[in-house]
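# An overview of the molecular structure
Listed below, chain by chain, are the residues.
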Amino acid sequence: APVPNLGPTDFVVREDKVAREILAVAPATEPMQIALLIDNSQAGEQFTRDYREALPAFINAIAADESGARHQIAIFTLAERPTTNTDFTFDFQQAIKGAGRIFGTPGSGSYLLVGIIQISQDITRKNLTRPVIVAVTTEGPELSDRQYPTVLEPLRASGASLSVVSLGPPRNQNYDRSVVIDMGTRDTGGRNDVVMTGSALAGKMKQLANELTHQYRVTYARPDRLIPPEQVTIAAAKPGLTVRGVPMKVQRERE
């Protein structure tokens, strides 16, 4: 569950393992641009009803953000090729209608890795400032012919956080897909969750939305230098808390 009222003493930020001074901590109120990637391949056909319950639950939870930020949501399906269901929109009712148009595609596989590449490149091209990628996938076949470095590179360059919710018992043997889900979520401050049954998807999606709408913006100081750090990490200063994060793109551009 999100933890309220955290301050500078609750976080530790390191650049290349060197601790930095934290100047301020405040609720993150900048608008998010959330891209939902949905596996509607043949393996996802059995979850069609669950998608139509879970996605509106997620969208409504984002809409209820008490900060009043004007977030955007887009929906993309992954069967046969990444396809735009609903482009980035402030109209959440339009996104909910898009969720109702998701159908399974018989005889198809998923293109999750290609989808992540294309969305990451689109985020970079549009210069989105607080992008979030949420993938809901199954354990069906992954047909993307991409190696994991070619996926992780544009993802990291986009500044987006990646969260993945996998439906069903883990059995996918695609190595590159497994590495992208593991490293991509961990390195960008996202979640990596497995939901064993479709009926539990709505609860997990609401939990994820609750986390996204209760994030913090942590501002820290760094010395003037021409070479940027290779790695920035954030951790909790006290036991009992879990902290995940990604450097904000708008900050990197100003520095």
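Scroll up for the structure.
The structure contained in this document is the topic of the report that follows. (Residues numbered from 1 in each chain as written. Predicted model: local features only at pLDDT ≥ 70, side-chain atom pairs only at ≥ 80, totals over all residues. Heavy atoms only, no water.)

Counting residues in hydrophobic clusters, the biggest one holds 30 residues, and the most contacted among them are Leu-36, Tyr-51, Phe-58, Ile-62 and Met-205. For this core, the secondary-structure elements that each account for two or more residues are β4 (33-38), α1 (48-63), β5 (72-77), α2 (92-99), β7 (131-138), β8 (161-167) and α6 (201-212). Discounting residues that sit within four places of it in the chain, Leu-36 has contacts with Leu-55, Phe-58, Ile-73, Ala-74, Ile-75, Phe-76, Val-134 and Met-205. Counting 23 residues, the second-largest nonpolar core is a separate cluster that includes Ala-35, Leu-112, Val-151 and Val-164. (Core = buried A, V, L, I, M, F, W, Y, C linked by side-chain atoms within 4.5 Å. Buried < 20%, exposed > 50% of the residue type's maximum accessible area, 1.4 Å probe, protein only. Helix = DSSP H or I, 4+ residues; strand = E, 2+ residues; numbered from the N terminus. Contact = heavy atoms within 4.5 Å.)

Moving on, we get to the side chain of Ser-110. If you trace the backbone, Ser-110 turns up in the loop between α2 and α3 (112-126). A polar contact of 3.5 Å, which involves the side chain of Ser-110, links it to the backbone nitrogen of Leu-112. (Polar contact = N/O pair within 3.5 Å; in protein donor to acceptor, adjacent residues only side chain to side chain.)

Between its first and last C-alpha atoms α1 spans 23 Å; for 16 residues at 1.5 Å apiece the expected length is 22 Å, and the two agree. Turning to α1, its buried residues number three or more, namely Thr-48, Asp-50, Tyr-51, Ala-54, Leu-55, Pro-56, Ala-57, Phe-58, Ile-59 and Ile-62. Buried residues belonging to α1 abut β4, β5, α2, β7, β8 and α6. (Expected span 1.5 Å × (residues − 1).)

Residues Asp-193 and Val-195 line the buried face of strand β9 (residues 192-195), whereas the alternating positions Asn-192 and Val-194 sit on a face that is not buried. Looking at chain direction, β8 and β9 are connected through four bridges and run parallel. Bridge assignment links Val-164 to a residue of β9, and that residue is Asn-192. (Pairing = 2+ DSSP bridges.)

Here we have six strands laid out as an open sheet, ordered β6-β5-β4-β7-β8-β9, and mixed in their pairing. Every other strand in the sheet has two partners, leaving β6 (83-89) and β9 as the edge strands with one partner each. Pairwise comparison of adjacent strand axes, ignoring direction, gives a mean angle of 15° for this sheet. Pairing of β7 with β8, which is carried by seven bridges, proceeds in the parallel orientation. Counterpart to Thr-137 in the pairing with β8 is Ser-166. The sheet contacts of α2 involve β5 and β6, and relative to β6 the element is tilted by about 165°. (Axes fitted to C-alpha atoms, helices over the stretch in contact; angles between N-to-C directions.)

Now for the packing of α1 against α2. Interhelical geometry of α1 versus α2 gives an angle of 170° and a closest axis separation of 9 Å. In this view, α1 runs roughly antiparallel relative to α2, as classed from their interaxial angle. Contacts between α1 and α2 involve Arg-52, Leu-55, Pro-56, Ile-59, Asn-60, Ile-62 and Ala-63 from the first element and Phe-92, Ala-95, Ile-96 and Ala-99 from the second. Tallied by class, residues from the contact of α1 with α2 come to nine nonpolar, one polar and one charged. (Parallel < 35°, antiparallel > 145°, perpendicular 65-115°, else oblique. Nonpolar A, V, L, I, M, F, W, Y, C, P; charged D, E, K, R; others polar.)

Where side chains of opposite charge bring their charged atoms close, a pairing between them can arise. Throughout the structure, instances matching the rule amount to 16 salt bridges. Here Asp-187 makes a salt bridge to Arg-156, at a shortest N to O gap of 2.6 Å. With Asp-187 in helix α5 (residues 175-187) and Arg-156 in helix α4 (residues 148-158), this pair connects stretches of sequence that are 31 residues apart. For Arg-156, a relative accessible area of 41% translates into the label partly exposed. Glu-211 is paired through a salt bridge with Arg-244; the nearest N and O atoms lie 2.4 Å apart. Of this pair, Glu-211 sits in helix α6 while Arg-244 sits in the loop between β11 (232-236) and α7 (249-254); the two residues are 33 residues apart in sequence, bridging distant segments of the chain. You can call Glu-211 partly exposed: its relative accessible area is 24%. One connected set of salt bridges, linked through shared partners, spans Arg-191, Asp-193, Lys-204, Glu-211 and Arg-244. (Salt bridge = Lys/Arg side-chain N within 4 Å of Asp/Glu carboxyl O.)

So, about the sheet that holds strand β1 (residues 11-15). In spatial order, the strands read β2-β1-β11; together these three strands make up an open sheet with antiparallel pairing. On the outer flanks of this sheet lie β2 (18-20) and β11, each paired with one strand and no other. In this sheet, neighbouring strand axes are inclined to one another by 35° on average, regardless of whether the strands run parallel or antiparallel. Relative to β11, β1 runs antiparallel, the two being bridged by five bridges. Each bridged residue has a counterpart across the sheet, and for Arg-14 the counterpart in β11 is Thr-233.

This part is about the environment of Thr-213. Positionally, Thr-213 belongs in the loop between α6 and β10 (216-220). Take Thr-213: its relative accessible area is 12%, and that puts it in the buried class. C-alpha separation for the pair Thr-213 and Ala-64, spaced 149 residues apart in sequence, amounts to 8.8 Å. Thr-213 has contacts with Met-32, Ala-61, Ile-62 and Asp-65, leaving out every residue within four places of it along the chain. A distance of 3.3 Å separates polar atoms of two side chains, one belonging to Thr-213 and the other to His-214.

Shape descriptors only; they carry no functional weight alone.
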